Protein chains: 2
Amino acid sequence: MSNPRPRISVIVGSARPVRVGRQLSDAVASVIRDAVDADVQLLDLREIGLPMLDEQFMAGMDMYQNPHTLTWARQISESDAVVFVTPQYNAGYPASLKNAIDYLLKEWKGKPAAIVSYGGHGGGAAAKQLREVLAFIGTDLVPADLDLAITLGRDDYREDWFLADGDAVAERNADGIRAIADAVAGKLAALAPASV
Amino acid sequence: MSNPRPRISVIVGSARPVRVGRQLSDAVASVIRDAVDADVQLLDLREIGLPMLDEQFMAGMDMYQNPHTLTWARQISESDAVVFVTPQYNAGYPASLKNAIDYLLKEWKGKPAAIVSYGGHGGGAAAKQLREVLAFIGTDLVPADLDLAITLGRDDYREDWFLADGDAVAERNADGIRAIADAVAGKLAALAPASV
């Protein structure tokens, strides 16, 4: 193989037109890329643009019918691990992220996974709810004490509500991001013999 | 006024093309209608068809721009109380419902609210997460011990995955639905002097 490195996908959970999630995810991906030997890519739910869940059958029946579902299933299948970057909206996860999760089921099973949350109130409440969902669908989550909740202050925002400097936010949370990256890499290393 | 009765809106939380939520909500609304002196209407999120949250500004800034947001805000403002009928997807609430909630903020504050959840695994996990969200946004929830979680068995479904008999499901949960209706009515009665 020309490229035996595992693929880690950073899932951009927010899909709002004005959002910090993309900048933050780019910066988080950059820290992960520097920390571990892996291909790190973004899966941006705004770009992917899944409609509100419109499959006829429940995901567990494994009878996906829509092209957007099949594409999304392939993107997750081709990811060896996933890092969810989720905003906290009203003490919970955003619809965009839950929608993307609920489209699939078998693709999540056993997938190494970690959570980075953020918001004006931090992101711990969203992370807690998301962890319950990810545990239920069978992802292989890193320990909860590694969940990284990033609190954004007014100074982090520009006037247009994008981030002034995503890299600066990631830098001050770099230890937490690297701890997640190491834990995910550890899971991938443990899986490697079986996945050859 | 020709119609001084309060309006209770039953919010159909599921928006999937194949779902039991509409049938179940119709049946729940019927039990509520018989139990209390109120106008009981459905707000069906599939019919309302909100796109994935696309407002430029956060709901708390009260700068709604899109016609679909303004319509939804009016529908909630005109509701004196809301009963959320939510499916449980993967131990959480569905994207369709969280999306509708996150569109608004001030419209929810102080609104008497109750939760009916359902699913093959019951609905208690979804109700618990939804309660955290509804408490955060400031709805006036009935006590948690009234949350009604309806477990649907195989026999409840037709071959096409709609309900065989929504009224039968509501009937075997009628005590729980009536308890919710009474609690909501009690809150409305307490609010009445202020709303004249």
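Coordinates for the structure precede this section.
The model shown is predicted, which means the values in this text are computed figures rather than measured ones.

1. Quick notes on the pattern of salt bridges
Piece 1. Tallied over the full model, the rule gives 36 salt bridges over all chains.
Piece 2. The closest approach of N and O atoms between Lys106 of chain B and Glu107 of chain B, which form a salt bridge, is 2.9 Å.
Piece 3. A relative accessible area of 46% places Lys106 of chain B in the partly exposed class.
Piece 4. Within this structure, Arg19, Arg22, Asp26, Asp44 and Glu47 of chain A form a network of salt bridges that share partners.

2. Points about the pairing of strand β4 (residues 112–119) of chain B
Residues and elements named next belong to chain B.
Piece 1. Most of β4 sits out of view: eight of its eight residues are buried.
Piece 2. The alternating pattern of β4 places Pro112, Ala114, Val116 and Tyr118 and Ala113, Ile115, Ser117 and Gly119 on opposite faces, both of which are buried.
Piece 3. Across six bridges, the pairing between strand β3 (residues 81–87) and β4 is parallel. By the bridge assignment, Pro87 is partnered in β4 with Tyr118.
Piece 4. As for the winding sense of the linkage, the β-α-β connection from β3 through helix α4 (residues 95–102) to β4 is right-handed.

3. Focus on the packing of aromatic side chains
Any pair of aromatic rings gets described here by the distance separating the centres and the angle formed by the planes.
All names here are of chain A.
Piece 1. Counted under the stated rule, the structure contains seven aromatic pairs over all chains.
Piece 2. Between the aromatic rings of Phe84 and Trp108, the centroid separation amounts to 5.7 Å while the plane-to-plane angle is 45 degrees, which identifies the pairing as tilted. Residue Phe84 is found in strand β3 (residues 81–87), and its partner Trp108 is found in the loop between α4 (95–102) and β4 (112–119); the two are separated by 24 residues along the sequence.
Piece 3. Under the relative-accessibility criterion, Phe84 is labelled buried at 0%.
Piece 4. Note on Trp108: relative accessible area 0%, which makes it buried.
Piece 5. Pairwise contacts between aromatic rings join Trp72, Phe84 and Trp108 into one cluster.

4. Focus: the nonpolar core
Piece 1. Grouped together as the largest cluster of nonpolar side chains are 57 residues, with contacts concentrated most on Trp72 of chain A together with Trp72 of chain B.
Piece 2. Among the elements that take part in this core, helix α5 (residues 124–137) of chain A stands out by supplying five residues, more than any other.
Piece 3. Not counting residues up to four positions away in its chain, the partners in contact with Trp72 of chain B are Ile11, Leu43, Leu45, Ile48, Leu50, Ala100, Tyr103, Leu104 and Trp108 of chain B.

5. What to know about the relation of the copies chain A and chain B
Piece 1. Here chain A sits on chain B after a turn of 180 degrees about the axis and a move of 0.0 Å along it, with an RMSD of 0.0 Å. Seen this way, the second copy is the image of the first under a two-fold rotation axis. Minimal C-alpha separation from the rotation axis in chain A is found for Ala95 of chain A, amounting to 2.1 Å.

Reading the values: the criteria
Residues numbered from 1 in each chain as written. Chains lettered and ligands numbered in written order. Predicted model: local features only at pLDDT ≥ 70, side-chain atom pairs only at ≥ 80, totals over all residues. Heavy atoms only, no water. Salt bridge = Lys/Arg side-chain N within 4 Å of Asp/Glu carboxyl O. Buried < 20%, exposed > 50% of the residue type's maximum accessible area, 1.4 Å probe, protein only. Helix = DSSP H or I, 4+ residues; strand = E, 2+ residues; numbered from the N terminus. Pairing = 2+ DSSP bridges. Right-handed = clockwise from strand over helix to strand, strands pointing away. Phe/Tyr/Trp six-rings, centres within 6.5 Å; stacked < 30°, edge-to-face > 60°. Core = buried A, V, L, I, M, F, W, Y, C linked by side-chain atoms within 4.5 Å. Contact = heavy atoms within 4.5 Å. Least-squares fit on C-alpha atoms with pLDDT ≥ 70 in both.

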